[in-house]
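Each chain, letter by letter, is given below.
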Amino acid sequence: MWISIECTKQIPIPAGHVYAINDALSAEAAADDYETCLRHLVKSKILDISKESGFPKFDVMLLGMGPDGHVASLFPGHPLVHEKEKWVTFIKDSPKPPPNRITFTFPVINSSANIALAVVGAGKADVVHKSLGDDKSSDLLPVQMVSPEGELVWFLDKDAASKL
Ligand SMILES: O=C1O[C@H](COP(=O)(O)O)[C@@H](O)[C@H](O)[C@H]1O
């Protein structure tokens, strides 16, 4: 949401190219509605399907990361990180406000051609260190499960990179 609102202010994206979440609906209904929207875009050949995965394939996905290592609304230890079928799903118990959210699932995120991961602030330094370091002793954080079909590029500010 933030991206669509901020980007449309900064760069001239035609309004018809922005597919906003319908926040008048419940989280469940908004997730269904958004997945239906994606399916229409696939049918009308605006959005590709990955030959590898059969899920929608975005050219580029811009993700952030929370200080707990979550991406999109896929939080560490939450069952949604293991969703394998849905394109878009919902969460009603998000550990970070707001509690009701919708999110792309990992099959969609990881079918992207490319992903830019933009991470800023000292509050993210520990998790950046853990994610990019060698310690694979504990369960993977959601950010460590991000694996697009093409390139994954991290963009860090000095504070976020301070423990590397
Ligand atoms: O809740 C969320 O937080 C993360 C991190 O946000 P930031 O403002 O600290 O960069 C964001 O990437 C994610 O999309 C969102 O669901």
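Everything quoted here is computed from the prediction, not taken from an experiment.

1. A closer look at the overall build of the protein
Stage number 1. Secondary structure summary: the protein contains four helices and seven strands in total.
Stage number 2. Starting at the N terminus and walking to the C terminus, you meet the elements of the protein as α-α-β-β-β-β-β-α-β-α-β.
Stage number 3. Overall size of the protein, expressed as C-alpha extent along the three principal axes, is 45 × 35 × 35 Å.
Stage number 4. In the protein, which comprises 164 residues, the proportion classed as buried is 29%.
Stage number 5. A fraction of 68% describes how many contacts in the protein between residues 6 or more apart in sequence connect residues 24 or more apart.

2. Describing the site of the ligand
Stage number 1. With respect to spatial proximity, the complete set of residues near the ligand consists of Gly-64, Met-65, Gly-66, Ala-72, Ser-73 and Lys-96.
Stage number 2. Considered class by class, the residues forming the shell around the ligand number two nonpolar, three polar and one charged.

3. As for the sheet that holds strand E7 (residues 152-156)
Stage number 1. Spatially, the three strands line up as an open sheet ordered E3-E6-E7, and their pairing is parallel. Two strands lie at the open edges of the sheet, namely strand E3 (60-63) and E7, each paired on one side alone. Taken over all neighbouring pairs, the strand axes of this sheet differ in orientation by 15° on average, direction set aside.
Stage number 2. Pairing between E3 and strand E6 (residues 114-119): four bridges, direction parallel. Considered in E6, the bridge of Leu-62 is made with Ala-116.

4. Remarks on the nonpolar core
Stage number 1. Of all hydrophobic cores here, the largest spans 30 residues; its most connected members are Leu-63, Met-65, Val-71, Ile-109 and Val-146.
Stage number 2. Apart from residues lying up to four places away in sequence, Ile-109 is in contact with Met-61, Ala-72, Phe-104 and Val-146.

5. Points about helix H2 (residues 27-43)
Stage number 1. With 17 residues, H2 ought to run about 24 Å at 1.5 Å a step, and its terminal C-alpha atoms sit 24 Å apart, in line with that.
Stage number 2. Within the span of H2, buried status applies to Ala-27, Ala-31 and Tyr-34. Along the axis of H2, the buried residues cluster in a sector spanning 65°; they form a single face. Residues of H2 that are exposed and angled more than 90 degrees away from the buried face: Thr-36, His-40 and Lys-43.
Stage number 3. On the buried face of H2, the contacting elements are strand E4 (88-91) and strand E5 (101-104).

6. Some remarks on the environment of Ala-72
Stage number 1. Within the secondary structure layout, Ala-72 lies in the loop between E3 and E4.
Stage number 2. Taking C-alpha positions, Ala-72 is 20 Å from Arg-39, a pair spaced 33 residues apart along the chain.
Stage number 3. Excluding residues that lie within four positions of it along the chain, Ala-72 makes contacts with Leu-63, Thr-103, Phe-104 and Ile-109.

7. Structural notes on helix H4 (residues 125-132)
Stage number 1. Among all positions of H4, only Val-127, Val-128 and Ser-131 are buried. Buried residues in H4, looked at end-on, bunch into an arc of 105°, giving them a common side.
Stage number 2. Of the surrounding secondary structure, the elements contacted by the buried residues of H4 are E6 and E7.

Definitions and cut-offs
- Per chain, residue numbering runs from 1 following the sequence as it is written.
- Residue-level local features of this predicted model are given only where pLDDT is at least 70; pairs of side-chain atoms are given and counted only at 80 or more, and the full residue set underlies all totals for whole chains, interfaces and linings.
- Helix and strand definitions follow DSSP, with helices as H or I runs of at least four residues and strands as E runs of at least two, each counted in order from the N terminus.
- Exposure criterion: with C-beta atoms placed from backbone coordinates, a residue whose C-beta has 20 or more other C-beta atoms within 10 Å is buried, one with 12 or fewer is exposed, and one in between is partly exposed.
- By the criterion used throughout, residues are in contact when their C-beta atoms, derived from the backbone, lie within 7 Å.
- For each residue, a C-beta atom is positioned from the backbone; the residue is called near a molecule or strand if that atom sits within 6 Å of it.
- Three classes are used: nonpolar for Ala, Val, Leu, Ile, Met, Phe, Trp, Tyr, Cys and Pro, charged for Asp, Glu, Lys and Arg, and polar for all others, with Gly counted as polar.
- Two strands make a pair as long as DSSP finds a minimum of two bridges between them.
- To obtain an axis, a line is fitted to C-alpha atoms, over the contacting stretch when the element is a helix, and the angle between two such axes runs from 0 to 180 degrees between their N-to-C directions.
- Note on terminology: a nonpolar core is any set of buried Ala, Val, Leu, Ile, Met, Phe, Trp, Tyr and Cys residues joined through C-beta atoms within 7 Å.
- The span you would expect from a helix comes to 1.5 Å times its residue count less one.
- The arc refers to the directions leading from the helix axis to the C-beta atoms.

Read these as geometric descriptors, not functional statements.
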